[in-house]
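As a plain string of letters, each chain reads:
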Amino acid sequence: MFGFGTYQYDDDGFRTCSVTGLRIHRSAEDMVKLFGLTAIVALLIGGLFAIFVALTRWEVIGLLGAEDFYRFLSIHAWNLLIFWMVFMEIAILYVGGPFILGRKLALTFLAKAGYVLMLGGAIVINVAIWLTKQPNQAPLLTSYAPLPSSPWFYLGVVVFLLGALVAALPFLGTIWREKRENPNDALPLIAFGAFITAIVAAEAIVGGLITYVPTLLWRTGFLAHIDAAWYRQMYWIVGHGTQQINLLAMITVWYFLTHVLAGAEVASEKVSRSAFVLYLFFINMGAAHHLLVDPGVSAGWRMWNTSYAAYGAVLASMIHAFAIPAGLEIGRRKRGKGGGTFGWLWSAPWKDPGFSATVLSIICFGFLGGITGVLMGQMQLNMTWHNTLATVGHFHGTVAVGTTLAFMGLGYYVLRLVFGRDWIARPVAIIQPYFYAGTMGITVLIMMYLGILYGIPRRHPSVMDIPGTDFSFAAAKPLFVIFGVFAVLAIIGGALFVLIAVGSLLFGEKYDGALPVAPPTAVADGGDHEDTAHHLLSMRGTFVMTLFFLAVFVVLWALNWYLLSQLWQVG
């Protein structure tokens with residue numbers, strides 16, 4: 001594919017990966033390369049426009065005016081929250097299906113057709129946003145009706161969503177062929193996670209088509225009216241559903257990379273699978289937090305979605321939060337790398353950017369995105385978060401830190417084991433995940449702080465001067481200096497990944513395929529733990545970390561209720 005890659009294939013188009021032992025077919029590998037490269041291009045475009053967004057919200061600079069700000073913000077959002085993510089997620093499906101199962105990619109022509117539709121839709125969306133002129137509005141990710149955007153924008157969205165749906169079919173075809181030939185065998189956990197991801201993706205995409213096709217007909221004159229309340233409720237099937245695809249794909253990558261790069265083993269297949277099934281039924285309920293101030297939904301609907309239904313998704317997340325580090329601890333203790341409570345962690349390959357990006361993704365997503373998602377998903381606490389910069393901080397914590405770091409980690413893996421190229425500027429590659437996680441993490445915390453404690457609104461280019469309001473946000477001005485500096489540094493951290501990825505493809509040496517993880521072996525106490533049942537091995541390190549996570553969760557939950565109580569002074 002494009003001349004990148006150094007591997008040889010047998011007469012049937014297969015090769016065996018010297019690191020993972022996976023039997024990989026060229027049909028799947030070529031599509032992983034194609035979708036992955038396109039995702040990195042979208043990351044580059046979104047990152048470039050992020051510079052303008054950050055330097056506008058940094059009021060000392062105030063780079064763009066209102067009209068230009070919304071145009072640049074829209075391109076930034078669509079490329080980073082949608083195109084970078086979805087192109088990468090299709091590549092992940094092809095890894096989780098054909099790669100893991102050792103099969104050809106089924107229906108390859110549909111993968112190519114889906115790619116063409118997705119690429120065409122993405123180009124049309126970007127051009128339509130860039131050429132937006134009054135009376136059309138630059139379409140933010142929500143693109144709420146009845147605010148009109150260019151008909152070309154809605155057409156691009158429909159084409160892109162259709163393309164993503166088509167591109168997912170080869171993965172599902174591969175799974176179908178596997179089960180047809182091996183009806184009594186369970187799918188490997190990675191393939192099972194990818195399968196659940198595909199189902200959730202199909203739900204989100206179909207919801208998007210139900211939303212955007214009538215909206216396109218409205219903008220082209222075939223429908224005289226589009227109901228705004230209907231649009232809001234239908235839109236969030238795809239608006240939040242796409243972020244649930246991110247979540248499931250990210251967790252699948254966590255299981256995969258901790259195993260490949262650090263020798264993790266699944267602590268309990270049944271428990272991890274049950275968590276994926278819980279996501280299937282409950283994760284889309286998370287979209288409710290966008291509608292908790294909407295007059296179109298009943299109190300019963302709000303309570304069901306923010307309490308009882310949400311518990312299923314939160315339980316699934318808690319299971320994965322324990323199972324993944326527990327699997328890492330078990331795997332490393334089996335390899336004699338687990339002395340003491342945290343020896344299994346200290347001895348991990350922290351200089352491997354694929355591994356460090358994965359673990360930093362787990363940590364940052366849990367503390368910055370996961371906890372805050374549960375808090376803002378509560379009906380009462382949502383009132384202190386809704387439409388403030390804290391909401392932006394939350395989804396940057398989930399997507400810009402958690403999911404993006406996981407996908408960067410997968411990118412480092414793909415460069416070596418799919419393209420067959422070693423990283424250039426290795427010292428920079430080692431530092432990049434830490435630099436990006438630290439700077440973007442601080443940016444996220446500042447946005448949350450500004451939103452919750454100062455009520456700074458989202459989506460507005462100016463904070464200190466908002467027409468029609470009597471509120472003074474002057475006290476928040478110094479914090480925007482911190483925000484601006486770290487936002488720019490975070491963009492540089494993302495740019496370093498793009499430079500390493502592109503530079504490695506063009507100039508990287510051939511990867512020798514050295515095994516990064518030693519096989520299970522006798523440990524220091526003289527015992528051979530290779531065949532020891534998982535539940536008999538110590539997981540005390542994971543247990544301690546889980547208790548710490550729970551303590552932070554409780555403290556933040558209590559703090560948010562305290563802040564809310566200050567607004568409800570009765571008597």
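Bear in mind that the values here come from a model prediction, so they are computed numbers and not experimental data.

## Regarding a nonpolar patch on the surface
Item 1. A contiguous nonpolar patch, built from Leu-44, Leu-48, Ile-51, Phe-52, Val-60, Ile-61, Leu-63, Val-481 and Val-485 and spanning about 690 Å² of accessible area, is present on the exposed surface.
Item 2. Every element with two or more residues in the nonpolar patch is listed here: α1 (26-57) and α15 (477-507).
Item 3. Here the element with the most residues in the nonpolar patch is α1; it accounts for four residues.
Item 4. With respect to the helices and strands, Val-60 occurs in the loop between α1 and α2 (66-101).
Item 5. Classification of Val-60 by relative accessible area gives exposed; the value is 59%.

## A few points about the nonpolar core
Considering soluble globular proteins, one finds that nonpolar side chains tend to be buried as a cluster.
Item 1. Counting residues in each nonpolar core, the largest one holds 150 residues, and the members touching the most others are Phe-35, Trp-78, Trp-84, Tyr-94, Tyr-212 and Phe-256.
Item 2. At 24 residues, the largest contribution of residues to this core is made by α2.
Item 3. Excluding residues within four positions of it along the chain, Tyr-94 makes contact with Met-31, Val-32, Phe-35, Phe-99, Leu-105, Ala-111, Ala-167, Pro-170 and Phe-171.
Item 4. In this structure, Ile-446, Leu-450, Ala-476 and Ile-491 belong to the second largest nonpolar core, which totals 16 residues.

## Considering the packing of aromatic side chains
Item 1. The tally for this structure, following the rule as stated, stands at 38 aromatic pairs.
Item 2. Ring centres of Phe-49 and Trp-130 lie 6.1 Å apart, and the angle between their planes is 80°; on these two criteria the pair is classed as edge-to-face. Linking Phe-49 in helix α1 with Trp-130 in helix α3 (residues 108-130), this pair joins segments that are 81 residues apart in sequence.
Item 3. Measuring from ring centre to ring centre gives 6.4 Å for Phe-192 and Phe-276, while their planes differ by 75°; the resulting arrangement is edge-to-face. Residue Phe-192 is found in helix α5 (residues 189-219), and its partner Phe-276 is found in helix α8 (residues 269-282); the two are separated by 84 residues along the sequence.
Item 4. Residue Phe-276 is classed as buried on the basis of its relative accessible area, which comes to 0%.

## Topic: unusual backbone geometry
Item 1. Omega for the peptide link from Gln-134 to Pro-135 comes to 10°, which places this bond in the cis form.
Item 2. Looking at the secondary structure, you find Pro-135 in the loop between α3 and α4 (151-181).
Item 3. Cis geometry is adopted by the peptide bond preceding Pro-146, which originates at Ala-145 and carries an omega value of 10°.
Item 4. Within the fold, Pro-146 resides in the loop between α3 and α4.
Item 5. In the Ramachandran plot, Asn-387 falls in the positive-phi region, its phi being about 60° despite a non-glycine side chain.
Item 6. Mapping Asn-387 onto the fold places it in the loop between α12 (382-385) and α13 (389-417).
Item 7. For Asn-387, a relative accessible area of 36% corresponds to the partly exposed category.
Item 8. Unusually for a residue other than glycine, Ala-425 sits at a positive phi of about 45°.
Item 9. Inspection of the secondary structure assignment puts Ala-425 in the loop between α13 and α14 (426-454).
Item 10. Looking at Ala-425, the relative accessible area reads 42%, which means it is partly exposed.

## So, the packing of helix α11 (residues 353-376) against α13
Item 1. Viewed as axis vectors pointing N to C, α11 and α13 meet at an angle of 160°, and their least axial separation amounts to 8 Å. Taken together, α11 and α13 sit at an angle that is classed as roughly antiparallel. As for the relative orientation of α11 and α13, their crossing is left-handed in sense. Touching Pro-353, Gly-354, Ala-357, Leu-360, Ser-361, Cys-364, Phe-365, Leu-368, Gly-369, Thr-372, Gly-373 and Met-376 of α11 are Thr-391, His-394, Gly-397, Thr-398, Val-401, Gly-402, Leu-405, Ala-406, Gly-409 and Tyr-412, all from α13.
Item 2. Along the lines of polarity and charge, the residues of the contact of α11 with α13 split into 11 nonpolar, 11 polar and no charged.

## With respect to the environment of Gly-409
Item 1. Mapped onto the elements of the fold, Gly-409 is located in helix α13.
Item 2. For the pair Gly-409 and Met-31, spaced 378 residues apart in sequence, the C-alpha to C-alpha distance is 19 Å.
Item 3. When residues no more than four places from it in sequence are discounted, the contact partners of Gly-409 are Leu-257, Gly-354 and Ala-357.

## A closer look at the pattern of salt bridges
Oppositely charged side chains may form a pair once their charged atoms are brought near each other.
Item 1. In this structure the tally under the stated criterion is 11 salt bridges.
Item 2. In this structure, Asp-294 engages Arg-232 in a salt bridge whose closest nitrogen and oxygen atoms are separated by 2.4 Å. Residue Asp-294 is located in the loop between α8 and α9 (299-334), and its partner Arg-232 is located in helix α6 (residues 228-239); the two are separated by 62 residues in the primary sequence.
Item 3. A relative accessible area of 5% places Asp-294 in the buried class.
Item 4. On the accessibility criterion, Arg-232 (21% relative accessible area) is partly exposed.

Cut-offs and rules
- Residues numbered from 1 in each chain as written.
- Predicted model: local features only at pLDDT ≥ 70, side-chain atom pairs only at ≥ 80, totals over all residues.
- Heavy atoms only, no water.
- Patch = residues over 30% accessible without salt bridge, like charges linked within 9 Å, V, L, I, M, F, W, Y side chains within 5 Å.
- Areas by Shrake-Rupley, 256 points an atom, 1.4 Å probe, with all protein chains shown as cover.
- Salt bridge = Lys/Arg side-chain N within 4 Å of Asp/Glu carboxyl O.
- Helix = DSSP H or I, 4+ residues; strand = E, 2+ residues; numbered from the N terminus.
- Buried < 20%, exposed > 50% of the residue type's maximum accessible area, 1.4 Å probe, protein only.
- Core = buried A, V, L, I, M, F, W, Y, C linked by side-chain atoms within 4.5 Å.
- Contact = heavy atoms within 4.5 Å.
- Phe/Tyr/Trp six-rings, centres within 6.5 Å; stacked < 30°, edge-to-face > 60°.
- Axes fitted to C-alpha atoms, helices over the stretch in contact; angles between N-to-C directions.
- Parallel < 35°, antiparallel > 145°, perpendicular 65-115°, else oblique.
- Left-handed = near helix turned anticlockwise from the far one by under 90°.
- Nonpolar A, V, L, I, M, F, W, Y, C, P; charged D, E, K, R; others polar.

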